[in-house]
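Structural description and commentary
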Amino acid sequence: MISFLDALGWALFPFFMGLGLLSLSKKLPFDFRNAIQSIAFVSISIGGFYIAYCLISIKDFSNFEYYVMLSFIGIGTSVVCHHLLKLANYAEDKLKAALDRLITFIVKAEDKFVPMEKKEGYFTSYIEELNQINKDL
């Protein structure tokens, strides 16, 4: 049991390292993003291969057939993570668009609901909040 957990732990390392590199690549400039994402997908493929290797016993087929199957599992894992990353980016873009529409609504509502004598203070606090939101993103 201990040797299984040891093998599974070492198999999980490249998988989670690849996921960490994927999340890191979103914060990098475009020039480095593609290189880091390529390394991440290779790492996820290797992790998927070794996770499948730990979980599937080699008894029924020849070693070559198992290695081909495990390679397809590793590549499939990488493809699935790529599509999940695209889905996460799509959801993030939709949320940013919704936030932009909400902020636009708030700015337009200023004319209706904020008295004239408080507009300058409202505007400066609004700009400070927008700058804080941009820092957090």
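Note that the coordinates shown come from a computational prediction; the quantities given were computed from them, not determined experimentally. Each residue is numbered by its place in its chain's sequence as written, counting from 1. It should be noted that, the model being predicted, local features are given only for residues of pLDDT at least 70 and side-chain atom pairs only at 80 or more, the latter also being counted only at that level, while totals for whole chains, interfaces and linings use all residues. No hydrogens and no water enter the side-chain calculation; it runs on all heavy atoms of the structure.

Okay, the overall build of the chain next. Only DSSP runs of H or I reaching four residues or more are called helices, and only runs of E reaching two or more are called strands; each is numbered from the N terminus. When helices and strands are counted, the chain shows four helices and zero strands. Across the chain, helices and strands are ordered from the amino to the carboxyl terminus as α-α-α-α. Computed over the C-alpha atoms, the radius of gyration of the chain is 24 Å, more than 25% above the 14 Å expected from 2.2 N^0.38 for a compact globule of 137 residues. C-alpha atoms of the chain, sized along the principal axes, occupy 80 × 30 × 25 Å. In this description the radius of gyration comes from C-alpha coordinates, and the expected globular size is given by 2.2 Å times residues to the power 0.38.

Moving on, we get to the environment of V107. By the element assignment, V107 lies in helix α3 (residues 63-113). Along the primary structure V107 and F123 are separated by 16 residues, whereas in three dimensions their C-alpha atoms are 8.9 Å apart.

Further remarks concern the nonpolar core. Within this scheme, the nonpolar core is defined by two criteria: the residues are buried Ala, Val, Leu, Ile, Met, Phe, Trp, Tyr or Cys, and they are joined through side-chain atoms within 4.5 Å. Buried, partly exposed and exposed residues are distinguished by accessible area as a fraction of the type maximum, computed with a 1.4 Å probe on protein chains only: under 20%, between the cut-offs, and over 50%, respectively. Among the nonpolar cores identified, the biggest contains ten residues, and these are A11, F15, L21, L22, A40, F41, I44, I51, C81 and L85. Counting only elements with at least two residues in this core, the list comes to α1 (2-25), α2 (30-55) and α3. Throughout, a residue-residue contact means that at least one pair of heavy atoms, one from each residue, lies within 4.5 Å. For L22, the contacting residues outside a window of four places in its chain are Q37, A40, F41, I44 and L85.

Angular values range over 0 to 180 degrees, each being the angle between N-to-C directions of two axes fitted as lines to C-alpha atoms, with helices fitted over their stretch in contact. With their axes 8 Å apart at the nearest point, α1 and α2 run at an angle of 160 degrees to one another. Judged by the inter-axis angle, α1 sits roughly antiparallel to α2. Note on packing geometry: the crossing formed by α1 with α2 is left-handed. Looking at the contact of α1 with α2, its residues break down into 21 nonpolar, six polar and one charged. Each angle gets one of four labels, with under 35 degrees taken as roughly parallel, over 145 as roughly antiparallel, 65 to 115 as roughly perpendicular, and the rest as oblique. Helix crossings are classified by the rotation of the near helix relative to the far one: an anticlockwise turn of less than a right angle makes the crossing left-handed, while a clockwise turn makes it right-handed. Three categories are distinguished: nonpolar for Ala, Val, Leu, Ile, Met, Phe, Trp, Tyr, Cys and Pro, charged for Asp, Glu, Lys and Arg, and polar for the others, with Gly belonging to the last.

We define a salt bridge as a side-chain nitrogen of Lys or Arg found within 4 Å of a carboxyl oxygen belonging to Asp or Glu. For the structure on display, the rule yields one salt bridge. Of the charged contacts, one joins E92 and K96 as a salt bridge, the two residues approaching to 3.4 Å between their closest N and O atoms. Highlighted residues: E92 and K96, both in helix α3, separated by four residues, approximately one helical turn. Residue K96 is classed as partly exposed on the basis of its relative accessible area of 39%.

Time to look at α1. Here the expected span of a helix is defined as 1.5 Å times the quantity of residues minus one. With 24 residues, α1 should cover 34 Å at 1.5 Å per step; its first-to-last C-alpha distance of 35 Å lies within 8% of that length. Residues L8, A11, P14, F15, G18, L21, L22 and S25 constitute the buried set of α1.

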